[in-house]
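Tertiary structure, described
Here's the letter readout for the chains.
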Amino acid sequence: MSLPNHAPIPELYVSSESAQKLKLTAGQLPSWDLTPRQICDLELLMNGGFSPLKGFLGQADYDGVVENMRLADGTLWPMPITLDVSEAFAEKVEPGQDIALRDQEGVILAILSISDKWIPNKANEAEKVFGADDVAHPAVNYLHNTAGKVYLGGPVIGIQQPVHYDFKARRDTPNELRALFRKLGWRKIVAFQTRNPLHRAHQELTFRAAREAEANLLIHPVVGMTKPGDVDHFTRVRCYEAVLDKYPAQTTALSLLNLAMRMAGPREAMWHGIIRRNHGCTHMIVGRDHAGPGKNSQGKDFYDPYAAQELFRKHQAEIGVEMVDFKHMVYVQEKAQYFPANEIPEGSTVLDISGTELRRRLREGLEIPEWFSFPEVVNELRKTSPARSKQGFTVFFTGLSGSGKSTIANALMVKLMEMGGRPVTLLDGDVVRKHLSSELGFSKEHRDLNIKRIGYVASEITKNGGIALCAPIAPYTATRRAVREMVEAFGAFVEVHVATSLEECERRDRKGLYKLAREGKIKEFTGISDPYEAPAKAELVVDTENVDVDHCAHQVLLKLEQMGLIRA
Ligand code: PPS
């Protein structure tokens, strides 16, 4: 393995003088408003974190990366870094043209000189890069349901870094970290990639890994985009700062990485390695199921738990950092200390708490022992994850028109208000269409917008500790999932499928709409001339045929109680 190279790495920024001038001319160019994921990618392109990439991949590089993890010139690069745009925007621009890339406030960050414009085969990208065209994989879901249809590629000229207002002092570019290592005289550096809070076992394993490699340690957590449902990065960074104090002085540094993870397991591990090399590290800890996305739609793991380590080992020389095995550490009660799982003294009592058990204890406000975590970390986690019965949540009713969603939601609202404790807001389909979405119709695009607006409001209510009851038709699975992800960042999302059959809804025809739809007088009517995709994994399915409303609302209450969201 080569010695650390702390020499500066090439960045894509122009000098500040040229940046000022470019900014003026860029104002006249067609401009693309970057998505949060694209902002993360652009930052690492511009600051050299993705070196040797010089911009968003063109088609030949993209094909090479997708098919065999190599750029067109043969360089190892496992992850497609592409600029996806809408068809409407793509129609307005052509290869040979420059466009301005802006952040979400409209600030120009870079100029892209378009070299390629193409429509990717997303199913193929999903199969080859993520291992399966299965939307249970968060990045495949993103690819099909969030990313634009067209890709633009070409070199990027960096004008300015994306602005961060949070934890400024903890963010370092690759060159800043290289300079820091140079200054500290650190020659070997083990990077620890993480998207989770650290507990005692992590502190032990990272320190042990660094000691065994006779190296210093860089805790390098991802604060860009991680897996939906992860602990938010504000909480995590406060936890990391607390854990940093537990390492012997001068051994360990903490720096935040604004990466948008893809959860691509083996390919992602290699990508993480290259990024760490660029940040001046010589080693990286790769664990069991590194950057794993969880279960596929058949309930099986997407990747073999050791596939990431195998692929990394195979390409280690080209990646340019050495892999350090992640040792699973467990607590041995008699010795009151941590041991690697394969070095436990015979006959001893081993204690361990799984991630699921930890989440349960936090959710239910139960004790988290000191041998497991540091009190400061537990305090931080408790602040952002109060017991579920104190958090906000969303109940999302979905079902055909006339299925009884609003009636049950109204009954539930009254029952929750009777119990008191948290404010309750009802976002009924008809009410929302009057106040929030009055300009929208019933095309797929408009329905999606309508549901995402409801999701946004519900997620804000949930974040602020209230209860949101939503009752739209919400006929499309992907859109319901997007809302779930928005809400679950702040609290529980309880999907209730009001599964009244089409025949029964039509028989009731309380608003006379089914008759009009059958006569063709209302177009795109759900169940008649527009699809309803029934939820496959709703938290609760209620049947309203031959059951009174009060009973249905009560079933929902029982579910909420079972989930720990309310106390009877
Ligand atoms: S969606 O698909 O979730 O955006 O629909 P939603 O906002 O819940 O609005 C559904 C109510 O609008 C009336 N309506 C229609 N429904 C379905 N398809 C078509 N084309 C349509 N046109 C009008 C209908 O009264 C729905 O109310 P509910 O309460 O569901 O019966």
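What counts as what
Position numbers for residues start from 1 in each chain and track the written sequence from start to end. Residues qualify for local features only when their pLDDT is at least 70, as the model is predicted, and side-chain atom pairs are given and counted only at 80 or more; totals for whole chains, interfaces and linings, by contrast, use all residues. Each side-chain value is derived from all of the structure's non-hydrogen atoms; neither hydrogens nor water enter the calculation. UniProt positions are given in the numbering used here, feature names are shortened, and annotations may be inferred rather than shown by experiment. Put simply, DSSP H or I for four residues or longer makes a helix, DSSP E for two residues or longer makes a strand, and each gets a number counted from the N terminus. Based on C-alpha atoms, the radius of gyration is set beside the globule rule, defined as 2.2 Å times the residue count to the power 0.38. Summary of the burial criterion: residues with accessible area below 20% of their type's maximum are buried, those above 50% are exposed, and those between are partly exposed, where the area comes from a 1.4 Å probe applied to protein chains only. Methods summary: accessible areas were calculated by the Shrake-Rupley approach with a probe of 1.4 Å, and residue burial reflects only the protein chains presented. Positive charge is attributed to Lys and Arg, negative charge to Asp and Glu, and no charge count is given to His or to the chain ends. Throughout, a charge is located at the NZ atom of Lys, the CZ atom of Arg, the CG atom of Asp or the CD atom of Glu. Ring pairs are drawn from Phe, Tyr and Trp, using the six-membered ring of Trp, whenever the two centres fall within 6.5 Å, and their geometry is named by plane angle: stacked under 30 degrees, edge-to-face over 60, tilted for the rest. Lysine NZ or arginine CZ positioned within 6 Å of the ring centre and within 35 degrees of the ring normal marks a charge as sitting over the ring. Proximity is defined per residue: any heavy atom of the residue falling within 4 Å of a molecule or strand makes that residue near it. Here a polar contact means two N or O atoms within 3.5 Å. Within protein one must be a hydrogen donor candidate and the other an acceptor candidate, and residues neighboring in sequence count only if both atoms are side-chain atoms. Classes in brief: Ala, Val, Leu, Ile, Met, Phe, Trp, Tyr, Cys and Pro nonpolar; Asp, Glu, Lys and Arg charged; the others, Gly included, polar. The rule for pairing is simple: two strands pair if DSSP sees at least two bridges between them. In this analysis an axis means a line fitted to C-alpha atoms, helices contributing only their contacting stretch, and an angle means the value between N-to-C directions, from 0 to 180 degrees. Residue contacts are counted whenever heavy atoms from the two residues lie within 4.5 Å of one another. What we call a nonpolar core is a set of buried Ala, Val, Leu, Ile, Met, Phe, Trp, Tyr and Cys residues that are connected through their side-chain atoms within 4.5 Å. Each domain span listed reflects an automatic or database assignment of domains. This arc corresponds to the set of directions leading from the helix axis out to the C-beta atoms.

Named according to an unreviewed UniProt entry, the chain is Adenylyl-sulfate kinase originating from Tabrizicola soli. For the chain, the Sequence similarities (unreviewed entry) comment in UniProt is given as "Belongs to the APS kinase family."

A few words now on the overall build of the chain. Along its length, the chain carries 20 helices and 20 strands. Taken over the C-alpha trace, the chain has a radius of gyration of 26 Å; the compact-globule value for 568 residues is 24 Å, and the two agree within 12%. By principal-axis analysis of the C-alpha atoms, the chain measures approximately 75 × 70 × 40 Å. By residue count, 53% of the 568 residues in the chain fall in the buried class. By element, 51% of the accessible surface of the chain is carried by carbon and sulfur atoms, the whole surface being about 25,500 Å². Counting 70 positive and 73 negative side-chain charges, the chain places the centres of these two groups 2 Å from one another.

UniProt marks residues 171–383 with the feature "domain: Sulphate adenylyltransferase catalytic" (unreviewed entry), using the numbering shown here. Measuring from the first to the last C-alpha atom of residues 171–383 gives 24 Å, for a span that is 38% helix and 15% strand.

As a further point, take the packing of aromatic side chains. All told, the structure shown has 15 aromatic pairs when counted by the stated rule. For the ring pair W371 and F372, a centre distance of 6.0 Å and an interplane angle of 90° mean the geometry is edge-to-face. Neither W371 nor F372 differs from the other in exposure class; each is buried. Put simply, the rings of Y331, Y338, W371 and F372 touch in pairs and so form one group of aromatic residues. Sitting over the ring of F442, R433 keeps its end group 3.8 Å from the ring centre. Just above the ring of Y476 sits the side chain of K444; from NZ or CZ to the centre is 4.9 Å.

Lining the immediate environment of the ligand, one finds 21 residues, of which S401, R433, R447, N450 and E524 sit closest. Note that an oxygen atom of the ligand is positioned 2.9 Å from one of the side-chain N or O atoms of K405. Between the ligand and the protein, one listed contact pairs a nitrogen atom with a backbone N or O atom of T526 at 3.4 Å. Starting from 630 Å² of accessible surface for the ligand in isolation, the protein chains cover 92%. Elements represented by at least two residues in the shell around the ligand include exactly α15 (429–435) and α16 (444–463). By residue class, the composition of the shell around the ligand is nine nonpolar, five polar and seven charged.

Strand pairing in a sheet is mediated by backbone hydrogen bonds. Such pairs are either parallel or antiparallel. Across the sheet, which stays open at both edges, the five strands sit in the order β10-β9-β8-β11-β12 with parallel pairing between neighbours. The sheet is open, and its two borders are formed by β10 (252–254) and β12 (322–325), each paired with just one other strand. The average undirected angle you get between the axes of adjacent strands in this sheet is 30°. Taken together, the two bridges between strand β8 (residues 189–194) and strand β11 (residues 283–286) define a ladder with parallel strand orientation. Among the inter-strand pairings, A191 is bridged to a residue of β11, identified as M284. Packing against the sheet, helix α10 (residues 265–278) makes contact with β8, β9 (216–221) and β11, and its axis sits at approximately 155° to β11.

On the basis of which strands lie adjacent, the open sheet formed by three strands has the order β14-β13-β15 and antiparallel pairing. Each of the sheet's edge strands pairs with one partner strand only, and the pair in question is β14 (337–340) and β15 (350–351). The sheet contact formed by strand β13 (residues 329–332) and β15 spans two bridges and is antiparallel. Within β15, the position partnered with Y331 by the bridge is L351. Most of the contacts of helix α8 (residues 200–212) go to β14, to which it runs at about 55°, and overall it touches β13 and β14.

In the UniProt entry, the feature "binding site: ATP" (unreviewed entry) is given for G399, L400, S401, G402, S403, G404, K405 and S406. Relative to the elements of secondary structure, G399 occurs in the loop between β16 (393–398) and α14 (405–419). Judged by its relative accessible area of 0%, G399 is buried. Once you skip the residues sitting within four places of it in the chain, G399 turns out to touch K405, P472, I473, V498 and Y532. Among the secondary structure elements, G402 is positioned in the loop between β16 and α14. For G402, a relative accessible area of 34% corresponds to the partly exposed category. Apart from residues lying up to four places away in sequence, G402 is in contact with C505 and R508.

Let's shift gears to the environment of S16. Within the secondary structure, S16 sits in helix α1 (residues 16–26). Taking the C-alpha atoms as reference points, S16 and Q160, 144 residues apart in sequence, are found 8.4 Å from one another.

By size, the foremost hydrophobic cluster in this structure holds 73 residues, and its most contacted members are F50, W77 and L101. When residues of this core are assigned to domains, at least three fall in each of domain 1 (16–158) and domain 2 (168–257 + 263–330). Sequence-distant contacts of F50, defined by excluding residues within four places in its chain, comprise D41, L44, L45, W77, I81, L259, W271, I275 and N278. Within the second largest apolar cluster, 36 residues are counted, among which are A213, V243, V324 and M329.

Let us now look at helix α7 (residues 174–184). An α-helix turns once per 3.6 residues; consequently, residues spaced three or four apart project the same way. Turning to α7, its buried residues number three or more, namely P174, N175, L177, R178 and F181. One side of α7 carries all its buried residues, which in axial view fall inside an arc of 160°. Among the structural elements, β8, β9 and α10 are those in contact with the buried residues of α7. At the exit of α7 stands G185, carrying a positive phi of roughly 75°.

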